[in-house]
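In case you want the letters, here they are:
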Amino acid sequence: IKRITTHTLLEMKQRGEKISMLTAYDYSMAKIVDDAGMDIILVGDSASNVMAGHETTLPITLDQMIYHASSVVRAVKRAFIVVDIPFGSYQGNSSEALRSAIRIMKESGAHSVKVEGGAEIRESVVRILSAGVPVMGHLGLTPQSIYKFGTYTVRAKEEAEAQKLLEDAKMLEECGCFAIVLEKIPAALAKQVAEAVKIPVIGIGAGPHVDGQVLVMHDMLGITKEFKPRFLRQYADLQTVMKDAFQQYIQDVKSKDFPNESESY
Ligand code: KIV
Ligand code: NA
C-alpha cells in the first residue's frame, strides 16, 4: 500500500479530488478507518470529549494525546496521521510548541501536528515547521478557545472576523503549513479561503466548496447522540446497535443461555 503524504494531499487538491478525513483515538478503530481507505486520520483532542468524557478539549494532556496517537500509529498503514497539540502545549511559547511537537513525533510516530489559531500562534507554527514537522492549521471555531468565544455558534459571520480568517489562512500557507481545517464558518467564506490558498482546506461545518471534509468518529457513527449540529451527517446508529448487543448478552447470561455446550471446554 502506498502511504498518503503531504505531497499526495496537495496533488489531490490540484486535481480536484476531495480529501476524506476522520478522527480516531485507538488501535482497533484506527485499523478499521485505515482499511476503509480514509486519506487522513486525525488524532483529535476531541478525545477529551468522546474518550475521556470532559466537557471541553482543554483538559487533555500532551501525554494523553501521545498515548492515543501511538495507538493509532500502530494500526495505520496508508492514511496520513495528524495529531492535535493540546491546549497549553504551544500557545504563547514557541520553544514549548517545538518541544511538544517533537515529543508527539518521537514518542508516537505520527506524521504531523495540528494547532488552532492564526496570527497569535505564528511564531509557534514557524518554529515547529523549522524542525521539519508538517503543521496543519485550524481556523474558525477553535474549541481550545471556547471560553473566549463563549458559545459554539458559527464563526466569522461578521466582515472583520471573516477578513482576519482569510488573512490568517494566507499567513499559515506562507509559513509552510501543508493544510488548514476550517470549522463552523459560512460556506461562502470557506470557498473564498479554499480558492485563496494552494494548500488543501478541510472543512467541518464549512460547506461543500472546500478540498475535503472531516468529522468526529463517534458523532458520525451515532455513538454520541447528545451532539447534533446541522453539519453532522450520521452514517450509522451504533449506539442502538451496541446497546442491543449488550442487552442481548445480559439476557443470555441471566437466562443461562450463555455459554452453551459448544462454547464451553
Ligand atoms: O479534535 C478534533 O476532532 C478536531 C476536528 C473537529 C477538526 O479538531
Ligand atoms: Na481538535
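Reading the values: rules and limits
Residues numbered from 1 in each chain as written. Chains lettered and ligands numbered in written order. Predicted model: local features only at pLDDT ≥ 70, side-chain atom pairs only at ≥ 80, totals over all residues. UniProt positions renumbered as here; feature names shortened; annotations may be inferred. Helix = DSSP H or I, 4+ residues; strand = E, 2+ residues; numbered from the N terminus. Buried ≥ 20, exposed ≤ 12 C-beta atoms within 10 Å, placed from the backbone. Contact = placed C-beta atoms within 7 Å. Domains from an automatic or database assignment. Expected span 1.5 Å × (residues − 1). Arc of directions from axis to C-beta. Axes fitted to C-alpha atoms, helices over the stretch in contact; angles between N-to-C directions. Parallel < 35°, antiparallel > 145°, perpendicular 65-115°, else oblique. Left-handed = near helix turned anticlockwise from the far one by under 90°. Nonpolar A, V, L, I, M, F, W, Y, C, P; charged D, E, K, R; others polar. Pairing = 2+ DSSP bridges.

- Identification of the chain as 3-methyl-2-oxobutanoate hydroxymethyltransferase from Algoriphagus sanaruensis is taken from an unreviewed UniProt entry.
- Check the Subunit (unreviewed entry) section of the UniProt entry for the chain; it says "Homodecamer; pentamer of dimers."
- According to the UniProt record, the Catalytic activity (unreviewed entry) comment for the chain is "(6R)-5,10-methylene-5,6,7,8-tetrahydrofolate + 3-methyl-2-oxobutanoate + H2O = 2-dehydropantoate + (6S)-5,6,7,8-tetrahydrofolate".

## Focus: the UniProt feature "binding site: Mg(2+)" (unreviewed entry) in the chain
Reasoning step 1: What UniProt calls "binding site: Mg(2+)" (unreviewed entry) maps, in this numbering, to Asp45, Asp84 and Glu116. Their sequence span is 72 residues, while the largest C-alpha to C-alpha distance among them is just 11.0 Å; these annotated residues converge on one region.
Reasoning step 2: On the secondary structure map, Asp84 appears in strand S3 (residues 80-84).
Reasoning step 3: You can call Asp84 buried: it has 29 C-beta atoms within 10 Å.
Reasoning step 4: When residues no more than four places from it in sequence are discounted, the contact partners of Asp84 are Val43, Gly44, Asp45, Met65 and Lys114.
Reasoning step 5: Summarising the element assignment, Glu116 is placed in the loop between strand S4 (112-114) and helix H6 (122-130).
Reasoning step 6: Taking the number of C-beta atoms within 10 Å as the measure of exposure, Glu116 has 24 and is therefore buried.

## Looking at the domain arrangement of the chain
Reasoning step 1: In terms of domain boundaries, the chain breaks down into domain 1 (6-234) and domain 2 (237-265).
Reasoning step 2: The straight-line distance from the C-alpha centre of domain 1 to that of domain 2 is 38 Å.

## Observations concerning helix H4 (residues 62-73)
Reasoning step 1: For H4, built from 12 residues, the straight-helix expectation of 16 Å at 1.5 Å per residue is met to within 8% by its first-to-last C-alpha distance of 16 Å.
Reasoning step 2: Three or more residues of H4 are buried, namely Met65, Ile66, His68, Ala69 and Val72. Buried residues along H4 cover an arc of 165° about the axis, so they all sit on one side.
Reasoning step 3: Buried-residue contacts for H4 involve helix H2 (27-36), strand S2 (40-43), helix H3 (47-50), S3 and helix H5 (94-108).

## Re the UniProt feature "active site" (unreviewed entry) in the chain
Reasoning step 1: What UniProt calls "active site" (unreviewed entry) maps, in this numbering, to Glu183.
Reasoning step 2: In this fold, Glu183 is placed in strand S6 (residues 179-183).
Reasoning step 3: If sequence neighbours within four positions are ignored, Glu183 has contacts with His138, Gly140, Leu141, Ile204, Gly205 and Ala206.

## Considerations on the packing of H5 against H6
Reasoning step 1: Relative orientation of the contacting elements H5 and H6 amounts to 45°, with a least axis distance of 8 Å. Of the possible angle classes, the one that applies to H5 and H6 is oblique. Between H5 and H6 lies a crossing of right-handed hand. Only Glu123, Ser124, Arg127 and Ile128 of H6 make contact with H5, whose side of the interface consists of Ser94, Ala97, Leu98 and Ala101.
Reasoning step 2: Tallied by class, residues from the contact of H5 with H6 come to four nonpolar, two polar and two charged.

## Here's the deal with the packing of helix H8 (residues 159-175) against helix H9 (residues 187-196)
Reasoning step 1: Relative to each other, H8 and H9 sit at 25°, their axes nearing to 10 Å. Regarding the angle of H8 to H9, the classification is roughly parallel. With respect to the hand of their crossing, H8 and H9 are arranged in right-handed fashion. Here Ala162, Leu165, Leu166, Ala169 and Lys170 of H8 lie close against H9, whose contacting residues are Leu189, Gln192, Val193 and Ala196.

## Focus on the sheet that holds strand S8 (residues 212-215)
Reasoning step 1: Strand order in the closed barrel formed by eight strands is S1-S2-S3-S4-S5-S6-S7-S8, and the pairing between neighbours is parallel. Taking the axes of each pair of neighbouring strands and ignoring which way they run, one obtains an average angle of 25° across the sheet.
Reasoning step 2: Pairing of S4 with strand S5 (residues 135-140) involves two bridges; the strand directions are parallel. Paired with Lys114 across the bridge in S5 is Met136.
Reasoning step 3: Its contacts with the sheet put H8 on S5 and S6, and the angle it makes with S5 is roughly 175°.

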